[in-house]
Amino acid sequence: MRILVALIIFSIIILFHELGHFLLAKHNDVKVNEFCLGLGPTLFGVQKGETKYSLKLFPFGGACMMEGEDEESADDRSFNEKTVLQRASIVAAGPIFNFIMAFVFSLILVGAAGYDEPVLSGVMEGFPAQEAGMQKGDEIVKLGNKRIHLYREVSIYTLFHSNEAIEITYKRGGEERKATLIPKLDEESGRKLFGLQGSSVRTKGNVLQTLRYSVYEVKYWIWSTIESLKQLVTGRVSINNISGPVGIVKTIGDTYSEAKSEGAFLVLLNMLNICILLSANLGVMNLLPIPALDGGRLVFLLLEGVRKKRFDPNKEGMLNFVFLIALMVFMVVIMFNDIRQIFF
């Protein structure tokens, strides 16, 4: 059951991403040869009109295969026969649909469970927050130059900046105050802490607040994904801290098992939270300016628009293929790392 739930979540998110490409391709009269879920050999396929709808062997991934997308084609309905703007809209639609999905799921989550206000439930004795005079009930407004809307933003910001002094802006009784916190080593945990404590209580708001905090929810996951990538590039996070499909399936399964004893409602909320995380994450990752990803294709289209000259589709297709192989190798490394951490 745990694996089935994980596969359903993966399938929904990937299908919605590819649906974005598919719908914009149809809107711009581009011929779609195949729309599939999964990668590898075809297990099952149905031809409807000009498009084959299929299910592949490996359930991680999917594709919307368009005529002339990575090769020359004489068909006047091929991808490369369309204008730069039309092609850019088709390419960008996948990540945009992921952000739309994340927002819709956030609406359900925030509407049902509320949002976590950035209000302190207390401060740790002997740590910088207490020494700076902060106390229970203080509302965090800004950390450095980052505006804060959710307490989780406080948690992850302090985690990413645990070796730096942070200027914190907070409100007490409507009055805005500022303090500079220098992290202090906690001997028990071995981590540097600021001494801030947040509550797990979530606040339910009216319709407008639900809409606003749903946007903040998506923004939080997009921001945390980008910050995590920065940490990886700068070497602050190692490849061992990254989870691939196997690790994500395990996380989903573990979360499902833990929440199941508390009832179906808690299971639903936890699965929604994971869907928001994965959908926003997939949207961000696909916008990275790397060939074979949507972001890389958008870079080519931007350069084409500036140069007023189209790149050789065969050369672009070959470059995309090379980077796709490299990404697949990277995913295999991540997968084995997941397996190693689970079983060894």
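The text that follows walks through the structure, step by step, so that each part is easy to find. Here the residue numbering is sequential within each chain, running from 1 through the sequence in written order. Residue-level local features of this predicted model are given only where pLDDT is at least 70; pairs of side-chain atoms are given and counted only at 80 or more, and the full residue set underlies all totals for whole chains, interfaces and linings. To get the side-chain values, take all heavy atoms of the structure and skip hydrogens and water.

**A short note on the packing of helix α4 (residues 151-160) against helix α5 (residues 207-233)**
At step 1: Where α4 meets α5, the axes come as close as 11 Å, and the angle between the chain directions of the two elements is 10°. As summarised for this structure, α4 and α5 are arranged roughly parallel, according to the angle between their axes. Across the interface between the two elements, Arg 152, Glu 153, Ile 156, Tyr 157 and Phe 160 from α4 touch Glu 217, Tyr 220, Trp 221, Trp 223, Ser 224, Glu 227, Ser 228 and Gln 231 from α5.
At step 2: Of the residues contributing to the contact of α4 with α5, the split by class is six nonpolar, three polar and four charged. In this analysis, axes come from line fits to C-alpha atoms, helices being fitted only over the stretch in contact, and the angle between any two N-to-C directions falls in the range 0 to 180 degrees. In this description a helix means any DSSP run of H or I spanning at least four residues, a strand means any run of E spanning at least two, and both kinds are numbered starting from the N terminus. Every angle not falling under 35 degrees, over 145, or within 65 to 115 is termed oblique; those three ranges are roughly parallel, roughly antiparallel and roughly perpendicular. Whether two residues are in contact is decided by their heavy atoms: any pair within 4.5 Å suffices. Polar here means any residue other than Ala, Val, Leu, Ile, Met, Phe, Trp, Tyr, Cys and Pro, which are nonpolar, and Asp, Glu, Lys and Arg, which are charged; Gly is therefore polar.

**Some remarks on the pattern of salt bridges**
At step 1: When a carboxyl oxygen of Asp or Glu lies within 4 Å of a side-chain nitrogen of Lys or Arg, that pair is called a salt bridge. Throughout the structure, instances matching the rule amount to 13 salt bridges.
At step 2: One salt bridge connects Glu 69 with Arg 297, and the closest N-O pair in it is separated by 3.8 Å. Linking Glu 69 in the loop between β2 (51-66) and α2 (84-113) with Arg 297 in helix α8 (residues 294-307), this pair joins segments that are 228 residues apart in sequence.
At step 3: Only protein chains enter the accessibility calculation, which uses a 1.4 Å probe. A residue is then buried if its area is under 20% of the maximum for its type, exposed if over 50%, and partly exposed in between. Of the residues examined, Glu 69 reaches a relative accessible area of 18% and is grouped as buried.
At step 4: Through salt bridges with shared partners, a single network forms among Lys 26, Asp 29, Glu 50 and Arg 77.

**Some remarks on unusual backbone geometry**
At step 1: Within the chain, Asp 29 stands out as a residue other than glycine whose phi angle is a positive 60°.
At step 2: Along the polypeptide, Asp 29 turns up in the loop between α1 (2-27) and β1 (32-48).
At step 3: The exposure class assigned to Asp 29 is partly exposed, which follows from its relative accessible area of 40%.
At step 4: One non-glycine residue, Lys 308, adopts positive backbone phi at about 60°.
At step 5: Here Lys 308 shows up in the loop between α8 and α9 (313-343).
At step 6: A residue is classified by how much of its surface remains accessible, and Lys 308, at 75% relative accessible area, is exposed.

Nothing here speaks to function; it is geometry throughout.
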